[in-house]
Amino acid sequence: MDNEQVKNTVRQIFTEYLNANGHRKTPERYAILDTIYSIEGHFDIDTLYLLMADQENFRVSRATLYNTIILLINARLVIKHQFGNSSQYEKCYNRDTHHHQICMQCGKIIEFQNEALQRAIENTKLSRFNLSHYSLYMYGLCSKCERANKKKMSTNQKKEK
């Protein structure tokens, strides 16, 4: 499915969600949806706000962004992640399941896929619970921070001698 087909499909899903829940179908909401589905990877509200500000036709407030994001999450078109202290979002329609490695030092987020891990989670029997989706976050140090820490420790040890 190409990007334009995906955008048309998510517009239709969003329209059905808005109709079913009695929400207005505003041009701003659809512009936000289109912008989100043009972003690769994670984004925060500030990034989305700046991207929307670049569009001459749709200057939207942060309140409109937050309210629309909530609607998109409820329509299952966007996922919210809590990485440390920051909220990040990503589109979720027509995306492969992936997991996240988060560096506790620099905050870098690396997406990865692991079929065995995915199968193990999806095949887990859950009592009285119907799984719709999941997120997996693994915390540690990225190789760049690990190297920097080792170099710093080795420099400090040489100074002590």
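Please refer to the structure placed before this passage.
Residues numbered from 1 in each chain as written. Predicted model: local features only at pLDDT ≥ 70, side-chain atom pairs only at ≥ 80, totals over all residues. Heavy atoms only, no water.

Visitor: Where do I start with the environment of Gly-84 in this structure?
Guide: As for its placement among the helices and strands, Gly-84 is situated in the loop between strand 1 (78–83) and strand 2 (86–91). In the structure, Gly-84 is positioned 14 residues away from His-98 in sequence and 19 Å away in space, judged by C-alpha atoms. (Helix = DSSP H or I, 4+ residues; strand = E, 2+ residues; numbered from the N terminus.)

Visitor: Any chance you could explain unusual backbone geometry here in plain terms?
Guide: Across the chain, the bulk of peptide bonds are trans and the bulk of non-glycine residues have phi less than zero. If you check the backbone angles, Arg-76 has positive phi at about 60° while not being a glycine. When you line up the elements, Arg-76 lands in the loop between helix 4 (62–74) and strand 1. Its relative accessible area of 56% is what places Arg-76 among the exposed residues. Within the chain, Arg-128 stands out as a residue other than glycine whose phi angle is a positive 55°. Within the secondary structure, Arg-128 is located in the loop between helix 5 (115–122) and strand 5 (137–140). (Buried < 20%, exposed > 50% of the residue type's maximum accessible area, 1.4 Å probe, protein only.)

Visitor: Help me understand the sheet that holds strand 4 (residues 109–112) in this model?
Guide: Two orientations exist for strands paired in a sheet by backbone hydrogen bonds: parallel and antiparallel. Strand order across the open sheet formed by 3 strands is 4-3-5, with mixed pairing between neighbours. Two strands in the sheet have a free side with no partner beyond their single neighbour: strand 4 and strand 5. For this sheet, the mean inter-axis angle between neighbouring strands, taken without regard to orientation, is 25°. The pairing of strand 3 (residues 99–103) with strand 4 spans 4 bridges and is antiparallel. Residue His-100 lies in a different strand from strand 4, and its bridge partner there is Glu-111. (Pairing = 2+ DSSP bridges. Axes fitted to C-alpha atoms, helices over the stretch in contact; angles between N-to-C directions.)

Visitor: Please clarify how the side chain of His-81 should be interpreted in this entry.
Guide: For His-81, the position within the fold is in strand 1. The class of His-81 is buried, set by a relative accessible area of 1%. Looking at His-81, its side chain comes within polar contact range of the side chain of Glu-90, at 2.6 Å. Polar side-chain contacts of His-81 include one of 2.7 Å to the side chain of Tyr-137. (Polar contact = N/O pair within 3.5 Å; in protein donor to acceptor, adjacent residues only side chain to side chain.)

Visitor: Can you walk me through the packing of aromatic side chains in this structure?
Guide: Remark: the centre distance and the inter-plane angle together describe each pair of aromatic rings, the angle taken between the planes. Overall, the coordinates contain 2 aromatic pairs when judged by the stated rule. Where Phe-14 meets Tyr-30, the ring centres are 5.7 Å apart and the plane angle is 70°; that geometry is what we call edge-to-face. Residue Phe-14 is located in helix 1 (residues 3–20), and its partner Tyr-30 is located in helix 2 (residues 27–36); the two are separated by 16 residues in the primary sequence. There is no split in this pair, since Phe-14 and Tyr-30 are both buried. In this structure, Arg-62 packs its charged tip against the face of Tyr-49, placed 4.1 Å from the ring centre. (Phe/Tyr/Trp six-rings, centres within 6.5 Å; stacked < 30°, edge-to-face > 60°. Lys NZ or Arg CZ within 6 Å of the ring centre and 35° of its normal.)

Visitor: I would appreciate a short explanation of the pattern of salt bridges in the present structure.
Guide: Opposite charge on two side chains makes pairing possible when the charged atoms of those side chains draw close. For the structure on display, the rule yields 5 salt bridges. As a salt-bridge pair, Arg-11 and Asp-34 come within 3.0 Å of each other at their nearest N and O atoms. Here the residue Arg-11 occupies a position in helix 1, and Asp-34 occupies one in helix 2, the gap between them amounting to 23 residues. The residue Glu-115 makes a salt bridge to Arg-119 at a minimum N-O spacing of 3.6 Å. One end of the pair, Glu-115, and the other, Arg-119, are both in helix 5, 4 residues apart, so they sit about a helical turn from each other. Classification of Glu-115 by relative accessible area gives exposed; the value is 60%. Through salt bridges with shared partners, a single network forms among Glu-4, Arg-11 and Asp-34. (Salt bridge = Lys/Arg side-chain N within 4 Å of Asp/Glu carboxyl O.)

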